[in-house]
Every structure is written in structure tokens, then in C-alpha cells.
Amino acid sequence: MKGQKTRFRRWRAGAIAFWIGLLLWMGLHGAGAIAQNAPAMVDPQIQQGLSLYQSGNFDAAARAWAQAAQQARQERSPIAEALALNYLALAYQELGQTDTAQASLDRGLKLVASSAGDSRAALARLLNTQGSLQLARGKPEAALASWQSAAKAYRQLDDRAGEAGSLINQAQAEQTLGYFLRARNTLSLAEQLVVRQADLDLRLTLALNLGQMLTNIGEFDRANAVLTSAQAIAQQNNIGQQAAALSIQKGNLAYLQRAFSPALEAYQQALLQSDRPETQLDANLNRLRVLIAQHQWPAAQTLAAALAPALDRQPASRRNLVQRLQLADSQLDLYLAAQTPSALEIARGLQQAIQQSAQLRDLRLESFAVGYLGRLYESKRQWQAAETTTLRAFDLAKQARSDESCYRWKWQLGRILRAQGKTKPALAFYRESVDILQGLRQNLVAIGSDLQYSFRDRVEPVYREYVDLLLQSRGGRPPALESLKLAQQAIESLRLAELSYFLRSSCLEDRRRPLTHQIRPGTALLYPIVLEDRIATLLSLPDGSLHLTSHAVAAAKVETLVEELRVALEKPYTAPEGKTLGLELYRWLVEPAEALLAQQQIKTLVFVPDGVLRNIPLTTLYDGKRFTIERYAVAIAPSLQLVTPDLNPTGPSRSIVAGLSDSRAGFAPLAFVPSELKAIVQTLPGNVLLNQQFTSQAIANAVDESEATVLHFATHGQFSSNVDETFILAWDKPITLHELKDLIEKRQQPFRKAIDLLVLSACETAAGDKRAALGLAGVAVQAGARSTVATLWTVDDESSSLFMKYFYDALSQPGTTKAEALRQAQLRLLEDPDYRHPFHWAAYVLVGNWI
């Protein structure tokens, strides 16, 4: 059960991110609707209702607006009555009385249609409110149409503020539908209308929406700039409620970036900026999420205990429902970690949420309420109730057409059945969940930041648990060949998913090639995957056979051993523990396959490494006498589906070589870079760009104008698990991963020679980042070069220059593969008394095409 609870905690921590966008949407929707619907002149009862509504007292606001509607009816003023009914619908919607809200809207629309006067302004406001009600009832397409009509009506009235407000809400519907880039364009139009508006509320509402949208598409820096600027305006003008909403969104942005301390500061600031109960709840619920992520259990328990009665004191509304679900989500986390609060208390809250969501007719929210209840039954090992409830949650999500919810409940069903030993149906549900995730990945931008940035919590475990189940023995028999093939496909899909989420792009789907089991003679593929209780390794051989080896070892021990080996390898002096640790890893990964490798005369090992195994050079595995590199050429494939090995090596033609020997941007000088570049062009003629000549524009021009197939950078760079922090340094600025991609893509035209080899000879993985090697894989894939040679750590400048000479000398020999050329260069250093320590030769890795 201990391991099972660990998986539960992972899942809870990720699922909570869903509510970031949803809570913000509820807050923005209400503020936006009021901002754009407010008429220039209002009667006292309408104004009183507005004040009550904005303070969160929806019930009193509804009474005030009902009186206003009745008075207008008595005065035979249909337009005034329609406006009062419009506001009344907003209040009923917040109270969860959607049928009554719709009836008010219908009466207002009927009055406007039959009015003899100019009813365009009233119609625009009614259409705008109709859109908000449609979105709340899970009809984003209808809401989008209503808001488009409202914007058109305001445009005809030359009401720029009204048009901008309708565009802001229109963008909300577009984001709900997953059209984030389209929403950005819509908000750009709203920006043009708002820029000259004196209505600060409208400007700040736009900033909130824009900040959320930029967060959803991964433009974190710009999102932060927009929110910070708007926050300053709100504070200068003493607009506390808007300032608090901006602070909460800044906290959400920090949370997605795992910056927990800034997130807590932002939420605390929101608590000081607004005393409205619902805003205080929003801020505290988000604080609770961060405390749980930090495993601050006592503080989290205290806060959760205070939030439950605070929620009960609030009037029933859709916002209250969302807050109740977020609290239940956090309570489940606390229950699994510390058995508090009680399961009965959580169940009561969820039953309330189920009733509220049913009244609201919001299938997606009801799906979450029911699914969370199934999750609670799962934790209590009440399997029949868990299965029945989760099936109901899936059915609701399917009706709501929410794939992002469907995959969760398929995954949950897989876990529930697996726990009961029902392997076959469990595998079916896991596979369906993986298939849904693959569909989501193909439209990655549409799923928003919450799923993109919680990959480790909400996506990766699905694949791992599926592979784990596929590779388990059954009845003392090893897994069937079909299970091994499915496991290989799942591991490949996991690697593709990980890179797609890292790059925040679905472009890899276009480059994905069918997975075949036929590989070049003399080459073996190894897929080591770190599971909770073992390392399982799939071995694919040239004869088409697929084999499984496994070694019982806890995942935590694997991580510790890899970290210790990495430290030993980076020491520039002999560290005996390096060989000891390398020997243990060799026994886990390679030794069980030695007989098969010898039988098929394997000369090259291509690893598709998993997790922490990417952080070490697998050339340093040690068999007790020799390093792996002394027996095999070694290459890394981020995913075999992204590699198309040539049958025969062609050898390079010309090169573009660039580097920095001078200190730049705080980085140390690289004194041997000039000699390194000179030695390369002696073997492989080409353009040389050194120091001031090495600018981002000069490189772009050289790539565009030359037919060189080798691009070599001798400069500082960093690989990080954050794509925005992965770069190589040019004289004028760091070249980001996306810029490098754009630069190399110019050569991927049918009539141009593609970049065959990208070499990064002085880069390193980011310190303290356990997933930094993902940045290296991202560079190799995103840049578009067929092969990439890079360093995992900063090596000695002099030995690097020598290594590169050996590498290009070997590569220039006919019939030599890139993997073999790298091996020969590493052996030359290994045989040199001055450079035989792995610090000098092991940092170099070949990623991608190894031929």
C-alpha cells in the first residue's frame, strides 16, 4: 500500500492544476459581464443590484433587480424591463438557478424583439449575458456565437467598450474550446479597442484574460509582464478587487513554474488586497494547493479545516461549486498523506458538489465531483463502489466531450481493476487512456497549460503503470511477445509525449515514423525503463526478436546511484567509486543480455534511456575490466520513431564552425577554441565564425547561404528541463532552442542539403536540474539536425579541442559511422595518461542518427 499511496499523491497533485484556469474564468466572467453591461444611466435599484453583485451578495442583488424589473413593467418601459431581466439572469446564474436565469433572459429577449424603440443596446447586453449562461452550462460553441453577435451589435452602435468586453468573453469561449491562438488574436482586437478607454475595470479585465491566455500557450515571461503592469495600475487606483484577482493569477503562473515561494507571496498579497469572502477563498484554496505541493502537512491541515466551514457560509453558486471541488481535491491529497480529514467529511462535500453540479447541468463539473468520489472509494479499497462511480464519471465526461477528463477516469478504472488482480480489463482501460492522451498530444496547444505543465503528475504515470502491467509475469510465465511489442510502443509514445510537452509543440507528430523491429545488422536497441520496484530493459535485435530482462531494485535506489555516479564522473581525478557504480549499472542493464549480444555480433548499442538514466553517459557502464565504450559504440535515441538511420554512412562534406574564445555574458573564456576550429576546417573545409564574427545573424546567413552539412558550435550553452532556459551563447546574445530550430529549418527544403550533424562542444546540463538532460534531447529533436553531439558537463578546454580533432579525423574516414567516430575519439583520450579519466572523454554523447 505504501507504493500505491505514492501514486495516488502524484495524481492528486497534478489534477488540482485544472482548477487554475476554471476559477479565473469564473472570476473574470462575472467582472467582465458587469463591466460591459453597465449602462451610462441606471436607476437606483439597478445600481444597488450592481453594488450587491460585485460584493458577492448575489441573492440580494437578484431581489433588487427583480424589483427593478417589476417597476419597469408597471411603468410600461419594455427596454428598461429587459435590462433589469438581463441583470437578474446574471444573479440567478451565480446562484446556480440556471433554469430561472434562462427564463429571465428569454423574457428580456422577447421584450426587445417586440419593442418599437431602439433596442440594439439592450439586445447587445442580453446576447452577452446569454453567452455567459451558455458557457456556464457547458455550451461553449453556442456561447461563442452569442458573444460574436453581441460584439457585432456593439460595433454597430460604435460602443467600443461594449465591443471590447464582448471580445474578451469571446476569447474565454475560444479558450474553453481549445482555440488558444485564436483567442490571442481575439484579445489583440480587444486590446486595440481598450487602449484609449478610460474604463479601468475593462482594461484590467482584459489584462487578466490576456495573462491567462499567455499562460495557457506557455508564454510565461510575457504573461508575467502583462499581469505585473496591470497590477501596478490597480494598486495606483486603489482597485483592490481587481488587484487581488491579478495577484491570484500571478500566483497561479508561479505555481505552474514550480516557483512555490513566489506563488505563496502572491496569494498572501491577494488576501490583503480584497476582503470579499469569495476572493479570500480563492486565494486560500490556492495557498492550500502550494502547501500540499511542498508537503507542509500540518499547515495544510490547519488551513483545510478552516476552509470547509468558510465555504459552507457562502451562498450556493457555480463559483462556490468550483471552490468546493478544489477543496475536495486538496482534502483527498491530505487524506492520502495523513488520513485527515476523515473520508466521511470528504464524501459529504463531494455529495454536495454532485447535487450542485446536477442543478447547474454542468456535466464536466459533475464528472469531476463523481470521479473524485470514485477516487475516495479507491483509496478505501471499496472496489465495487470505486468502479461503478468512476464509470459514471467517465460517462459524464464523454457526454461533456471532455477528452481531458475522459483519460483520467479510464486511468482510474485501470488502477482499480489492477488492484483487484483483473489484469486483462485493466490493460484495456490503460490502453484507452494512453490512446486518448495521444490524441490530446496531437493538439497540444489546445489542452492548455494545466496539463502541459503537470506532465510528471498527470501524464507520465499513466504510461509507466501501463508498461509495468504489460511487463509483469503472469502465473509464473514471462510476458508474451505481443505484450513486449505493446510495451515498446508505449515506451516510444512516452518518450514522444515527454518531448512534445517539453517543447510545448505537437510538431513531432508530423515527424513520427512507424515503429519497426528491423534494425541494421550489428546494432541493438535497449529500452531501460525505471519502474517502482525494478529496472526492466527491452532488447530489440537485428533478427527482429524482442527480449525482456529485469532486475529487482527500487526506483529511489536507481536515482541515488545515478546521482552518485554523475558526481564521480565529473571529478577531474580518479574516483574508484565511479567504476563500482558503473559496474552495478552494467549488471542491471547490459550483463543479462551479453549472450544475445555476442550471438548476433553486436557492435553498436543504441539506448532509448528513461528518466535519470539520461543524466549519465552510458559509455561509462563498467563490466569489471572495461568500460562499455571499449566494447561497443554507443548512441542515444530520444525515440526510435524520430530517427531514420541510413543504411550506409555518407560522410560529411563541408562545415560551418563558430565559437567564442573570449569571455562573454559572464561565462569564462575558452582559450583553445581557435585551435579547435582551425583543426576542424583542416579536415572538413568550411566557414569559420570566431568571437565578434559569431553573431546570431551571421550564423543565420551562413546556414542560409552555405550547403554545409555540419554545424559546429564551440561555445557555452545550457540544457535545461525548462525549454526557455535551454540555449547556446553567441557573441551578441544567447540563441534559444526555438531560434536554433528556425535557423536550421531553412535547410530542410527539398532542394537543399539538410544539416546532418550538429555539434555543441562546450555545453552542460543545468546544475541542480534532475531532468536537465531532457533539454539535450529537446535540442537534438527540435533543431532538426539528423544527429547531435553534445557534452553533458563542461569539459577541459584543451582536452575538448583534442577530442574534436580525433572525432573529425575518424569521421572523415570512408565507411565510419558517427557512433564509431565518437568511440574512436573517446578511446584516444582514454589511452592518453593525461586524459584517461572519464571527466575528459565521457561527457560526449551522440543523440539521434548513429550511422
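Sequence order as written defines residue numbering, which begins from 1 separately in each chain. Confidence filtering applies because this is a predicted model: local features only for residues at pLDDT of at least 70, side-chain atom pairs given and counted only at 80 or more, and all residues used for totals across whole chains, interfaces and linings. To get the side-chain values, take all heavy atoms of the structure and skip hydrogens and water.

*Asks:* Lay out the overall build of the chain with the relevant residues and their values.
*Replies:* Helix and strand counts for the chain come out as 37 helices and 13 strands. By the burial criterion, 61% of the 851 residues in the chain qualify as buried. Pairs at least 24 apart in sequence give 71% of the contacts found in the chain among residues at least 6 apart. In the structure as shown, the chain presents an accessible area of about 32,100 Å², 50% of it carried by carbon and sulfur atoms. In this description a helix means any DSSP run of H or I spanning at least four residues, a strand means any run of E spanning at least two, and both kinds are numbered starting from the N terminus. Exposure is judged per residue with a 1.4 Å probe applied to protein chains only, and the accessible area is read against the type maximum: over 50% gives exposed, under 20% gives buried, and values in between give partly exposed. In this analysis, two residues are considered to be in contact whenever any of their non-hydrogen atoms come within 4.5 Å of each other. Accessibility throughout is a Shrake-Rupley quantity obtained with a 1.4 Å probe, and a residue counts as covered only by protein chains that appear here.

*Asks:* Quick rundown of the pattern of salt bridges? Include the residues and the values.
*Replies:* The salt bridge criterion pairs a side-chain nitrogen of Lys or Arg with a carboxyl oxygen of Asp or Glu, the two atoms within 4 Å. Scanning all chains against the criterion turns up 35 salt bridges. Among the ionic pairs, Arg73 bridges to Glu81, the shortest N-O distance being 2.8 Å. Note that Arg324 is salt-bridged to Asp312, the shortest N-O span being 3.2 Å. Taken together, the residues Arg324 in helix H17 (residues 318-338) and Asp312 in helix H16 (residues 297-312) connect sequence positions 12 residues apart. Connected through shared salt-bridge partners, Glu460, Arg464, Arg495, Glu498, Asp610 and Arg614 make up one network.

*Asks:* An account of the packing of helix H11 (residues 200-216) against helix H13 (residues 240-256) is needed here, citing residue identities and associated values.
*Replies:* Only C-alpha atoms enter the line fits that serve as axes; for helices the fit covers just the stretch in contact. Angles between N-to-C directions range over 0 to 180 degrees. H13 packs onto H11 with a crossing angle of 10° between their chain directions and a minimal axis gap of 10 Å. When the axes of H11 and H13 are compared, the pair comes out roughly parallel. The residues of H13 that touch H11, namely those facing Asp201, Leu204, Thr205, Leu208, Gly211, Gln212 and Thr215, are Gln242, Ala245, Leu246, Gln249, Leu253 and Leu256. Residues of the contact of H11 with H13, tallied by class, amount to 6 nonpolar, 6 polar and 1 charged. Should an angle fall under 35 degrees it is taken as roughly parallel, and over 145 as roughly antiparallel, whereas 65 to 115 is taken as roughly perpendicular and any remaining angle as oblique. Three categories are distinguished: nonpolar for Ala, Val, Leu, Ile, Met, Phe, Trp, Tyr, Cys and Pro, charged for Asp, Glu, Lys and Arg, and polar for the others, with Gly belonging to the last.

*Asks:* Mind laying out the confidence of the model for the chain, listing which residues take part and the relevant values?
*Replies:* One number per residue, pLDDT, summarises how confident the predictor is, and it ranges from 0 to 100. When pLDDT is averaged along the chain, the result is 86; 89% of the residues meet or exceed 70. In the model, residues 1-41 has pLDDT below 50 throughout and makes 134 contacts with residues more than four positions away in sequence or in other chains.

*Asks:* Which residues make up the packing of aromatic side chains, and what values do they have?
*Replies:* Ring pairs shown here join Phe, Tyr and Trp side chains whose ring centres sit within 6.5 Å, with only the six-membered ring taken for Trp; geometry is labelled stacked below 30 degrees between planes, edge-to-face above 60, and tilted in between. Under the counting rule described, the total for this entry stands at 14 aromatic pairs. Between Tyr255 and Phe260, the ring centres sit 5.9 Å apart and the planes meet at 45°, which makes this aromatic pair tilted. Aromatic pair Phe368 and Trp409: ring centres 5.7 Å apart, planes at 75°, arrangement edge-to-face. With Phe368 in helix H19 (residues 363-379) and Trp409 in helix H21 (residues 403-419), this pair connects stretches of sequence that are 41 residues apart. We note that Phe368, like Trp409, is buried. Taken together through their ring pairs, the aromatic side chains of Tyr53, Phe58, Trp65 and Tyr87 make up a single cluster. Geometrically, a lysine NZ or arginine CZ counts as sitting over a ring once it is within 6 Å of the ring centre and also within 35 degrees of the ring normal. Above the ring of Phe394, the side-chain terminus of Lys410 is found at 4.2 Å from the ring centroid.

*Asks:* Give a description of unusual backbone geometry that names residues and reports values.
*Replies:* Located in the positive-phi region is Arg258, a residue other than glycine, with phi close to 60°. Tracing the backbone through its elements, the reader meets Arg258 in the loop between H13 and helix H14 (260-273).

*Asks:* Pulling in residues and values, what's your account of helix H28 (residues 555-569)?
*Replies:* One less than the residue count of a helix, multiplied by 1.5 Å, gives the span that helix is expected to have. Here H28 is 15 residues long and its end C-alpha atoms lie 21 Å apart, about the 21 Å a rise of 1.5 Å per residue gives. All buried positions along H28 are accounted for by Val558, Leu561, Val562, Leu565, Arg566, Ala568 and Leu569. Around the axis of H28, the buried residues are gathered within 160° of arc, so they sit on the same side. For H28, the exposed residues lying more than 90 degrees away from the buried face are Ala556 and Val567. The inward-facing, buried residues of H28 abut strand E1 (523-530), strand E2 (534-540), helix H29 (576-589), strand E11 (757-765) and helix H37 (838-841). Taken from the helix axis, the directions to the C-beta atoms give the arc we talk about.

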